[in-house]
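Structural description and commentary
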Amino acid sequence: MEAIGTKQAHWDQVYTTKKLEESSWYQPRPNISLGFIQQLSVAKDAAIIDVGGGDSLFVDHLLDLGYQNITVLDLSPKALERAQNRLGERAITVKWILADAAKFEPTEQYDFWHDRAAFHFLTTEADIQHYAQTAAQAIKPGGFLVIGTFSEQGPKKCSGLEIKQYSEQDLVQVFENQFKKILYQQVDHLTPTQAIQQFTFCAFQRTH
Ligand SMILES: C[S@@+](CC[C@H](N)C(=O)[O-])C[C@H]1O[C@@H](n2cnc3c(N)ncnc32)[C@H](O)[C@@H]1O
């Protein structure tokens with residue numbers, strides 16, 4: 001297992017040298033993720049967590065839509081600081097967790113767990129299993145898990161780091177013990193440099 005310090009240093013460096021709009025993962029409006037929120041009829045008072053949220057605009061859009069119970073988790077203090085500075089006073093209404101998703105020990109349960117392009121950085125079986133077990137415990141029965149990773153046709157690296165690619169079936173295999181898959185979307189993400197990155201997105205519901 002990689003030490004949190006190494007991973008944190010990498011991401012802090014990214015968030016001190018690259019603007020949000022220059023990052024390959026940048027989305028002015030995270031349409032796919034917001035589409036899942038709508039399709040799954042997530043209530044405005046739902047407890048939502050964005051795991052590996054970085055300084056993504058997902059939280060801004062959720063606040064604009066009237067969501068009131070939002071948590072953003074990331075292992076980079078710089079990423080969280082940037083998101084907080086951007087949100088200004090609105091940041092006070094959001095809960096911020098500085099943690100490694102591979103070792104996260106949640107203290108509350110969530111109705112909606114979202115992860116776009118963070119889970120795929122976990123490359124050891126132990127980290128992947130820990131993540132799946134944590135999600136299973138931290139998501140309320142009947143609650144949702146939305147995961148977006150690079151697909152098997154997507155890039156092999158992200159931000160210079162090795163990632164693990166997933167097909168729909170691969171994601172099902174990781175989470176099938178406690179979740180049933182309810183939605184799947186293959187997504188072509190257009191980066192700010194006009195490259196296409198193919199993502200696999202799945203929504204799961206916790207069954208028991
Ligand atoms: C490619 S960016 C995606 C950011 C955001 N989810 C989005 O879609 O715009 C990956 C993010 O995951 C975070 N990250 C990477 N590994 C992580 C881990 N093990 N635990 C928590 N966050 C992690 C990074 O700091 C970074 O903010």
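Residues numbered from 1 in each chain as written. Predicted model: local features only at pLDDT ≥ 70, side-chain atom pairs only at ≥ 80, totals over all residues. Heavy atoms only, no water.

1. A short note on the pattern of salt bridges
Counted by the stated rule, this structure contains nine salt bridges. Residues lysine 7 and aspartate 100 are paired through a salt bridge, measuring 2.9 Å at the closest nitrogen-oxygen approach. Remark: aspartate 100 occurs in the loop between β3 (94-98) and β4 (110-116) and lysine 7 occurs in helix α1 (residues 4-17); sequence separation between them is 93 residues. Note on accessibility: lysine 7 and aspartate 100 belong to one class, buried. The shortest N-O distance in the salt bridge between lysine 140 and aspartate 111 comes to 3.2 Å. On the criterion of sequence distance, the pair formed by lysine 140 in strand β5 (residues 139-150) and aspartate 111 in strand β4 is long-range, its members being 29 residues apart. Take lysine 140: its relative accessible area is 30%, and that puts it in the partly exposed class. Put simply, Lys7, Asp100 and Lys103 are held in one network by salt bridges that share partners. (Salt bridge = Lys/Arg side-chain N within 4 Å of Asp/Glu carboxyl O. Helix = DSSP H or I, 4+ residues; strand = E, 2+ residues; numbered from the N terminus. Buried < 20%, exposed > 50% of the residue type's maximum accessible area, 1.4 Å probe, protein only.)

2. A closer look at the side chain of aspartate 115
Locating aspartate 115 in the fold gives a position in strand β4. For aspartate 115, the side chain forms a polar contact with the side chain of tyrosine 131, separated by 2.5 Å. If we ignore the near neighbours within four places in the chain, the residues touching aspartate 115 are Val51, Tyr131, Val146, Ile147 and Gly148. (Polar contact = N/O pair within 3.5 Å; in protein donor to acceptor, adjacent residues only side chain to side chain. Contact = heavy atoms within 4.5 Å.)

3. A look at the pairing of β5
In terms of burial, β5 is largely enclosed, as nine of its 12 residues are buried. Two strands pair when backbone bridges link them, and β4 and β5 are joined in this way by six bridges, in the parallel orientation. Residue pairing for β5: phenylalanine 112 is matched across the bridge by phenylalanine 144. What joins β4 to β5 is helix α5 (residues 125-138), and the crossover it makes is right-handed. Summarising the sheet, β5 and strand β9 (residues 196-206) pair through seven bridges and their orientation is antiparallel. Each residue of the ladder has a partner; that of leucine 145, found in β9, is phenylalanine 204. (Pairing = 2+ DSSP bridges. Right-handed = clockwise from strand over helix to strand, strands pointing away.)

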